[in-house]
Amino acid sequence: LIGGAAALALLVVFGVAYEVFLAPPPEVRQSYRHRLAGENLVIDGDLEGALDEFEAAGALVSDDAELLIWVGVLRSELDEPGAESAFEDAQRIFETPAGFLLERARVYRMIGNYEAALADVEQAIVKDPASGWNHYERALLHQGMGNREAAIDDLETADELAGEAGDHELAALARYQLGLLL
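A quick note: this is a predicted structure, and the numbers were derived from the prediction, not measured.

S.K.: I'd like to hear about the pattern of salt bridges, residue by residue, with values.
M.R.: Close approach of charged atoms allows side chains with opposite charge to pair. Applying the stated rule across the entire model yields 12 salt bridges. For the salt bridge of E66 with R35, the shortest nitrogen-to-oxygen distance reads 3.4 Å. Of this pair, E66 sits in helix α4 (residues 65-77) while R35 sits in helix α2 (residues 26-44), and the two are 31 residues apart along the sequence. Judged by relative accessible area, E66 falls into the partly exposed class, the value being 23%. The class of R35 is buried, set by a relative accessible area of 11%. With its nearest N and O atoms 2.9 Å apart, the salt bridge here joins R148 to E149. Assessed through its relative accessible area of 38%, R148 is described here as partly exposed.

This is the structure in structure tokens:
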């Protein structure tokens, strides 16, 4: 009984310590919930509902470039005003133009607009040809568009560039995708 009470007390202490010292602020946690809900609505094909969720998330944390890109892409897809403004705000936050383009390509791919995604990732490759992540994203697009050989070429390039950069995560992802295609 004493051991159980001590374990319970220890759990309470750790729980309080987490909330006080480690947990993200409540607005960040709520923003994350809206983001997840938005992504799920995108998967379900409800772009209007997704836009509402991403805008709610953005209202809680205004300096999140990925949220701004989601808002911009969804507004663009829904022919609503404000897409360019959201993209401009996101670009100011990103460290590089290629990083912005890569992230926007990823979001366009996630909603199924492969044409816009491919245009962005092509620009990202021009701006940063040594980024294996750019080639990996293009490989995913080619794979989704049924261009198996182009996907394999880009995955091999992504793996090679990952090795040069010491990016083990990207190398593992590229090799896994290659294994699925070969």
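After presenting the structure, the write-up continues.
S.K.: Give me the packing of helix α3 (residues 47-60) against α4: which residues, what numbers.
M.R.: At a minimum axis separation of 9 Å, α3 and α4 run at an interaxial angle of 150°. Between α3 and α4, the crossing angle belongs to the class labelled roughly antiparallel. Viewed along their axes, α3 and α4 form a crossing whose handedness is left-handed. Packed against α3, whose contacting residues are L47, A50, L51, F54, E55, A57 and G58, the element α4 presents L67, W70, V71, L74, R75 and E77 at the interface. A per-class count over the contact of α3 with α4 returns 9 nonpolar, 1 polar and 3 charged.

S.K.: Just give me the short version of the nonpolar core, but keep the residues and values in it.
M.R.: The biggest cluster of nonpolar side chains holds 31 residues, and the ones touching the most others in it are V42, F54, W70, V73, L74, Y108 and I111. If you list the elements that add at least two residues to this core, you get α3, α4, α5 (83-93), α6 (97-111) and α7 (114-127). The leading source of residues in this core is α4, at 8 residues. Look past the residues within four positions of V73 in its chain and what remains in contact with it is F87, R104, V107, Y108 and I111. Counting residues in hydrophobic clusters, the runner-up holds 13 residues, among them A139, I152, L178 and L181.

S.K.: Got a sec to walk through the environment of A130? Specific residues and values, please.
M.R.: Position of A130 relative to the elements: it lies in the loop between α7 and α8 (132-144). Residues A130 and T157 lie 27 residues apart in sequence; the distance between their C-alpha atoms is 9.5 Å.

Reading guide: rules and limits
- Residues numbered from 1 in each chain as written.
- Predicted model: local features only at pLDDT ≥ 70, side-chain atom pairs only at ≥ 80, totals over all residues.
- Heavy atoms only, no water.
- Salt bridge = Lys/Arg side-chain N within 4 Å of Asp/Glu carboxyl O.
- Helix = DSSP H or I, 4+ residues; strand = E, 2+ residues; numbered from the N terminus.
- Buried < 20%, exposed > 50% of the residue type's maximum accessible area, 1.4 Å probe, protein only.
- Axes fitted to C-alpha atoms, helices over the stretch in contact; angles between N-to-C directions.
- Parallel < 35°, antiparallel > 145°, perpendicular 65-115°, else oblique.
- Left-handed = near helix turned anticlockwise from the far one by under 90°.
- Contact = heavy atoms within 4.5 Å.
- Nonpolar A, V, L, I, M, F, W, Y, C, P; charged D, E, K, R; others polar.
- Core = buried A, V, L, I, M, F, W, Y, C linked by side-chain atoms within 4.5 Å.

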